[in-house]
Amino acid sequence: MKITDIITAEKPSLSFEVFPPKTSDNFDTVEKAALEIADLKPSFMSVTYGAGGGTSKFTADIAEHILNRGVTPLAHLTCISSTGEAVKNQLKLLKEKGIENILALRGDILPDTDLSKSDYRYASDLTKEIADFGGFCIGGACYPECHPDSPDSESDIESLKIKAESGCQFFTTQMFFDNNILYNFMYRLLRRGVDVPVIAGIMPVTNAAQIKRICSISKSALPQRFLRIVDRYGDKPEVMKQAGIAYATEQIIDLYANGINAVHIYSMNKPEVASAIKNNISEILK
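Residues numbered from 1 in each chain as written. Predicted model: local features only at pLDDT ≥ 70, side-chain atom pairs only at ≥ 80, totals over all residues. Heavy atoms only, no water.

**Overview of the overall build of the protein**
A tally of helices and strands in the protein yields 12 helices and 8 strands. By the compact-globule yardstick of 19 Å for 286 residues, the protein fits well, its C-alpha radius of gyration being 18 Å. Here the C-alpha coordinates of the protein stretch approximately 50 × 45 × 40 Å along the principal axes. Residues counted as buried form 51% of the 286 residues belonging to the protein. (Helix = DSSP H or I, 4+ residues; strand = E, 2+ residues; numbered from the N terminus. Rg over C-alpha atoms; globule rule 2.2 N^0.38 Å. Buried < 20%, exposed > 50% of the residue type's maximum accessible area, 1.4 Å probe, protein only.)

Shown next as structure tokens:
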């Protein structure tokens, strides 16, 4: 099933993300977690793609196993250090496994990233490559608080417009912790004529150690009421887990109430977190 058909339906959608292992030693553990989340019957599940394509085989395999479990998979694909041949080989592999949906990403530029080996500079280049290949529903990433590499928010919106024109059919947001940031972002998108569906990405913060990583990756603004939760409960693992799930649940309910019908959870391969959130909004999802 195409992601666009899922997220534009009248019924609210709830999806989860899993990430494959870096080595085959951990594949069974990750697969078990992914299938436990799949058994919750989410609207779809996304499977990430390691830097430089390091998990390409595992991404395709886990996506296939999710599909066999009766859940629509969304396979990530990055391009920053990839050749055109490598990308086309991955597209062929995904098609052979029956995967219909791809999230096209530039990928992180790491200190050891060799840009000279890449045939792509931007995610829009990859999006066009996938569109030309044919047969996939293509999504892209967006940052409600502006991409860290963009000079300003207007330039960032213009980049998203180019993505949409290149074949991107929906966007998934980076995590955010203040829903007003998303609502303002959606207004700016529409004002620029970018009207593809947007999936709201939510990160349940279940331990204090996640905060540093969140700040380094996404530059997300952290509201005072969220920081107070972390300050009060960050040294109590089980309490912080419950509080983080409750905060994420409150965000999701507010999003649905304000007409944002598609929500994606960065569940970090944690079935118990995915299950708790789905249970919290079970009646809404009906």
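**So, the packing of helix H4 (residues 84–96) against helix H5 (residues 123–133)**
Their axes nearest at 11 Å, the elements H4 and H5 cross at an angle of 50°. Of the possible angle classes, the one that applies to H4 and H5 is oblique. Viewed along their axes, H4 and H5 form a crossing whose handedness is right-handed. Along its contact with H4, which presents Val87, Lys88, Leu91, Lys92 and Lys95, the element H5 presents Leu126, Glu129, Ile130 and Phe133. For the contact of H4 with H5, the residue count by class is 5 nonpolar, no polar and 4 charged. (Axes fitted to C-alpha atoms, helices over the stretch in contact; angles between N-to-C directions. Parallel < 35°, antiparallel > 145°, perpendicular 65-115°, else oblique. Left-handed = near helix turned anticlockwise from the far one by under 90°. Contact = heavy atoms within 4.5 Å. Nonpolar A, V, L, I, M, F, W, Y, C, P; charged D, E, K, R; others polar.)

**So, the layout of surface pockets**
By volume, the second largest pocket is sized at about 200 Å³. In this structure, the second largest pocket is lined by Ile6, Ala9, Lys11, Pro12, Ser13, Leu14, Lys41, Pro42, Ser43, Lys278, Leu285 and Lys286. Of the residues contributing to the lining of the second largest pocket, the split by class is 6 nonpolar, 2 polar and 4 charged. (1 Å grid on protein atoms, 1.4 Å probe; cavity = no way out; pocket = protein on both sides within 12 Å on 5 of 7 lines; lining within 4 Å. Points joined across faces, edges and corners; volume = space filled by probe spheres on them.)

**Quick notes on the pattern of salt bridges**
Considering all chains together, one arrives at 13 salt bridges under this definition. Between glutamate 158 and arginine 192 there is a salt bridge, with its nearest N and O atoms 2.2 Å apart. With glutamate 158 in helix H6 (residues 153–166) and arginine 192 in the loop between helix H7 (179–191) and strand S7 (198–202), this residue pair connects regions lying 34 residues apart in the sequence. In this structure, the salt-bridge partner of lysine 286 is glutamate 283, at a minimum N-O distance of 3.1 Å. Of the two residues examined, lysine 286 and glutamate 283, each falls in the exposed class. Residues joined by salt bridges that share partners form a network here, namely Lys57, Asp61, Glu64 and Lys97. (Salt bridge = Lys/Arg side-chain N within 4 Å of Asp/Glu carboxyl O.)

**Here we look at unusual backbone geometry**
Positive phi outside glycine occurs at methionine 268, with the angle close to 55°. Note on placement: methionine 268 falls in the loop between strand S8 (262–265) and helix H11 (271–280). By relative accessible area, methionine 268 is classed as partly exposed at 32%. Phi at asparagine 269 takes a positive value of approximately 60°, unusual for a residue other than glycine. By the secondary structure assignment, asparagine 269 is in the loop between S8 and H11.

**Overview of the sheet that holds strand S3 (residues 73–78)**
The strand order S1-S2-S3-S4-S5-S6-S7-S8 describes a closed barrel built from 8 strands, whose pairing is parallel. The average undirected angle you get between the axes of adjacent strands in this sheet is 30°. Relative to S7, strand S6 (residues 170–173) runs parallel, the two being bridged by 2 bridges. Paired with phenylalanine 171 across the bridge in S7 is valine 198. (Pairing = 2+ DSSP bridges.)

**Some thoughts on the side chain of threonine 173**
Tracing the backbone shows threonine 173 in strand S6. If we skip the residues at most four places from it in the chain, threonine 173 touches Cys142, Pro144, Leu182, Val198, Ile199, Ala200, Gly201 and Tyr266.

**As for the environment of alanine 274**
Looking at the element boundaries, alanine 274 is found in helix H11. The class for alanine 274 is buried, based on a relative accessible area of 0%. Along the primary structure alanine 274 and proline 204 are separated by 70 residues, whereas in three dimensions their C-alpha atoms are 9.3 Å apart.

**Regarding helix H10 (residues 237–257)**
If you check H10, its first and last C-alpha atoms are 30 Å apart, about what 21 residues at 1.5 Å a residue would give, namely 30 Å. Along H10, the residues that are buried comprise Met240, Ala243, Gly244, Ile245, Tyr247, Ala248, Thr249, Gln251, Ile252, Leu255 and Tyr256. Among the residues trailing H10, glycine 259 stands out with phi positive, at a value near 90°. (Expected span 1.5 Å × (residues − 1).)

**Here's the deal with the packing of aromatic side chains**
Enumeration according to the criterion identifies 4 aromatic pairs in this entry. Judged by centre distance (5.7 Å) and plane angle (40°), the rings of phenylalanine 27 and phenylalanine 58 are tilted. Here phenylalanine 58 lies in helix H3 (residues 56–68) and phenylalanine 27 lies in helix H2 (residues 27–38), a separation of 31 residues in the sequence. With 5.1 Å between their ring centres and 65° between their planes, phenylalanine 226 and tyrosine 247 make a pair best called edge-to-face. Note that phenylalanine 226 is positioned in helix H9 (residues 224–233) and tyrosine 247 in helix H10, a separation of 21 residues in sequence. (Phe/Tyr/Trp six-rings, centres within 6.5 Å; stacked < 30°, edge-to-face > 60°.)

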